[in-house]
Amino acid sequence: MHLAQLMEGTDVMVAVYDQDDRLRFANAAFRKAWHIEDDERPVWSDLMRRNFMARRGTVISADDIDIWLRSVLGRRGKTGFRAFETDLHDGRWLWMTETMHANGWMLCVASDITSLRPDERELRQARDMAIKASQTDDLTGIASRRFVMSKLEALVKAAPAEPAMLAGKTPVEYRAVGCVAVLDIDNFKYINDRFGHSVGDAVLMDFAATIQRLVRKTDVLGRVGGEEFVLVLPNTTTWEAEAIIGRMLAEVRQSRPVREQLSFRYTFSAGLAGARAGDDPADLYRRADLALYAAKMRGRDQIGIDIDSQRTSGSGGG
């Protein structure tokens, strides 16, 4: 009770979001800055979209709010701690921090730094924009190869030197370190050759947007080149990852990326591998890539699962 009273009385802006990025708590200062009613519990992306349309809250320097959201969601909640500067339409300049828990909950804290060295603000903004650019794929707006591969390395580093032994648990019940999936759009060269590069680009952008909508807050989706994407899923078993990717396959089948050709459709294939003790990033990626190749050989539009990952996670295969 005392803590809640202290947070209500402070000018520091404090908020907590759950694993679905829905607001669960915000003190008075945070609610005022982002125009949130006392009884509201909006999803973060909906709040940003609403304030963008009303030209209030965070200043968003973008013409298309959906493209901006896709880019930000590619980084939001993907690291244990993130700090950055942002400005509000009311003229305030804020220092914000996001602290993530492994279960996907996030603590956001913002402080007013408007009076601190405004002459250096442009330099800091340029630095932050350069960092964001290096972490974002130009065409699709999702995470870049550099960013997603750094998360793959972090996943491998989190793997214990030896498999964790839990009393009374079978190997299937061990808590998974995580998985990586390589996603590849089927027959993409044919799409480019038959319909042109503009349609190919539309497919890439549609694919990124469709998959990003189904990515959990703690997962990272990135484009690594051409029509190939990587999905990093921390704290996830292969059978859990298989279910997630299965939903993605179904969603992409229903997608119609070319408005002028409603009959046009496309699919993708996926290769899935679970992180093991002693893995290095290149080996984990190779096993996922080989599983992708197997999925392609079986006819595409499906999931291939690394054999060793099936054995250690009890997955039934794809």
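Small disclaimer: the values here were computed from a predicted structure and weren't measured.

Reading the values: rules and limits
- Residues numbered from 1 in each chain as written.
- Predicted model: local features only at pLDDT ≥ 70, side-chain atom pairs only at ≥ 80, totals over all residues.
- Heavy atoms only, no water.
- Pairing = 2+ DSSP bridges.
- Helix = DSSP H or I, 4+ residues; strand = E, 2+ residues; numbered from the N terminus.
- Axes fitted to C-alpha atoms, helices over the stretch in contact; angles between N-to-C directions.
- Buried < 20%, exposed > 50% of the residue type's maximum accessible area, 1.4 Å probe, protein only.
- pLDDT = per-residue confidence, 0-100.
- Contact = heavy atoms within 4.5 Å.
- Salt bridge = Lys/Arg side-chain N within 4 Å of Asp/Glu carboxyl O.
- Phe/Tyr/Trp six-rings, centres within 6.5 Å; stacked < 30°, edge-to-face > 60°.
- Lys NZ or Arg CZ within 6 Å of the ring centre and 35° of its normal.
- Parallel < 35°, antiparallel > 145°, perpendicular 65-115°, else oblique.
- Polar contact = N/O pair within 3.5 Å; in protein donor to acceptor, adjacent residues only side chain to side chain.
- Core = buried A, V, L, I, M, F, W, Y, C linked by side-chain atoms within 4.5 Å.

K.L.:
What is the right way to read the pairing of strand β3 (residues 81-87) from this model?
P.N.:
On any regular strand, side chains alternate: one points to one face of the sheet, the next to the other face. Where β3 and strand β4 (residues 93-100) come together, seven bridges link them in antiparallel fashion. Residue pairing in the sheet places F84 in a bridge with M96 of β4. Here β3 folds back onto β4, and the loop between the two strands holds five residues, one of which, G91, carries a positive phi near 100°.

K.L.:
So what exactly am I meant to see when it comes to the sheet that holds strand β10 (residues 303-305) here?
P.N.:
Backbone hydrogen bonds hold the strands of a sheet together, and the pairing may be parallel or antiparallel. Within the open sheet, the five strands sit side by side as β7-β8-β6-β9-β10. Their pairing is mixed. The open sheet is flanked by β7 (220-225) and β10, the only strands paired with a single partner. Geometrically, the sheet is characterised by an average inter-axis angle of 20° between neighbouring strands, direction not taken into account. In the sheet, β7 pairs with strand β8 (residues 228-234) via five bridges, with the strands oriented antiparallel. Following the sheet pairing, G222 is matched in β8 by V230.

K.L.:
Quick question: what am I supposed to make of unusual backbone geometry here?
P.N.:
Most peptide bonds are trans, and most residues other than glycine sit at a negative phi. One non-glycine residue, D21, lies in positive phi territory at about 65°. Position of D21 relative to the elements: it lies in the loop between β1 (13-17) and β2 (23-26). By relative accessible area, D21 is classed as buried at 7%.

K.L.:
Help me out: how do you make sense of the confidence of the model for the protein in this one?
P.N.:
Do not read the predicted coordinates in detail wherever pLDDT is low. Confidence along the protein averages 88 in pLDDT terms, with 90% of residues attaining 70 or more. A low-confidence stretch, residues 163-174 (pLDDT under 50), is modelled with nine contacts involving residues beyond four sequence positions or located in other chains. Ignoring residues within four places in sequence, the model shows residues 314-318, a span with pLDDT below 50, making 16 contacts including any to other chains.

K.L.:
Could you clarify how one ought to interpret the pattern of salt bridges in this entry?
P.N.:
A side chain of one charge can pair with a side chain of the opposite charge if their charged atoms are brought near each other. Inspection of the entire model under this criterion finds 23 salt bridges. Where K296 meets D184, a salt bridge forms, and the shortest distance between an N and an O atom there is 2.9 Å. Here D184 lies in strand β6 (residues 178-185) and K296 lies in helix α10 (residues 281-297), a separation of 112 residues in the sequence. The class for K296 is buried, based on a relative accessible area of 16%. You can call D184 buried: its relative accessible area is 10%. For D306, the salt bridge is made with R287, and the minimal N-O distance between the two is 2.6 Å. Of this pair, D306 sits in the loop between β10 and α11 (307-313) while R287 sits in helix α10, and the two are 19 residues apart along the sequence. Note on accessibility: D306 and R287 belong to one class, buried.

K.L.:
It is not clear to me how the packing of aromatic side chains should be interpreted in this structure. Could you clarify?
P.N.:
By the definition in use, this model includes five aromatic pairs. Geometrically, the ring pair formed by F207 and F268 is edge-to-face, given 5.1 Å between the ring centres and 70° between the ring planes. Pair noted here: F207 is in helix α8 (residues 197-214) and F268 is in strand β9 (residues 268-274), with a separation of 61 residues, a long-range link. One aromatic cluster is present, built from ring pairs that chain together F207, F229 and F268. Across the ring face of Y17, the terminal group of R76 is positioned such that the distance to the ring centre comes to 4.9 Å. Lying over the aromatic face of F195, R194 brings its terminal NZ or CZ to 5.0 Å of the ring centre.

K.L.:
I tried to follow the packing of helix α6 (residues 145-157) against α10 on my own but got confused; where do I start?
P.N.:
Packed helix pairs are characterised by how far apart their axes lie and by the angle those axes make with each other. Running from amino to carboxyl end, α6 crosses α10 at an angle of 105°, the nearest separation of the two axes being 9 Å. Judged on the interaxial angle alone, α10 and α6 are roughly perpendicular. Along its contact with α6, which presents M149, L152, E153, L155 and V156, the element α10 presents P281, L284 and Y285.

K.L.:
In this structure, what is going on with the sheet that holds strand β5 (residues 106-112)? I would like to understand it.
P.N.:
Across the sheet, five strands lie side by side as β2-β1-β5-β4-β3; this open sheet has antiparallel pairing. The sheet is open, and its two borders are formed by β2 and β3, each paired with just one other strand. Across the sheet, the mean angle separating the axes of adjacent strands is 20° when strand polarity is ignored.

K.L.:
Looking at this model, I keep getting lost on the environment of V109. Mind explaining?
P.N.:
Within the secondary structure, V109 is located in strand β5. When the C-alpha positions of V109 and A83 are compared, they lie 9.5 Å apart, and in sequence the two are 26 residues distant. Apart from residues no more than four positions distant in its own chain, V109 is found in contact with V12, M13, W95, M96 and T97.

K.L.:
Would you explain the side chain of T236 in this entry?
P.N.:
Tracing the backbone through its elements, the reader meets T236 in the loop between β8 and α9 (238-254). Classification of T236 by relative accessible area gives buried; the value is 0%. Within the structure, T236 has its side chain in polar contact with the backbone oxygen of P234 (distance 2.7 Å).

K.L.:
I tried to follow the nonpolar core on my own but got confused; where do I start?
P.N.:
One broad trend across soluble globular proteins is that nonpolar side chains are buried collectively. Counting residues in hydrophobic clusters, the biggest one holds 32 residues, and the most contacted among them are L183, F207, I211, F229, L231 and F268. At the level of elements, β6, α7 (188-195), α8, β8, α9, β9 and β10 are the ones that each hand at least two residues to this core. With sequence-adjacent residues up to four places away left out, I211 is seen in contact with L183, L221, M248, V252 and F268. In terms of nonpolar packing, the next biggest core, distinct from the first, is built from 25 residues, L23, A29, M48 and L88 among them.

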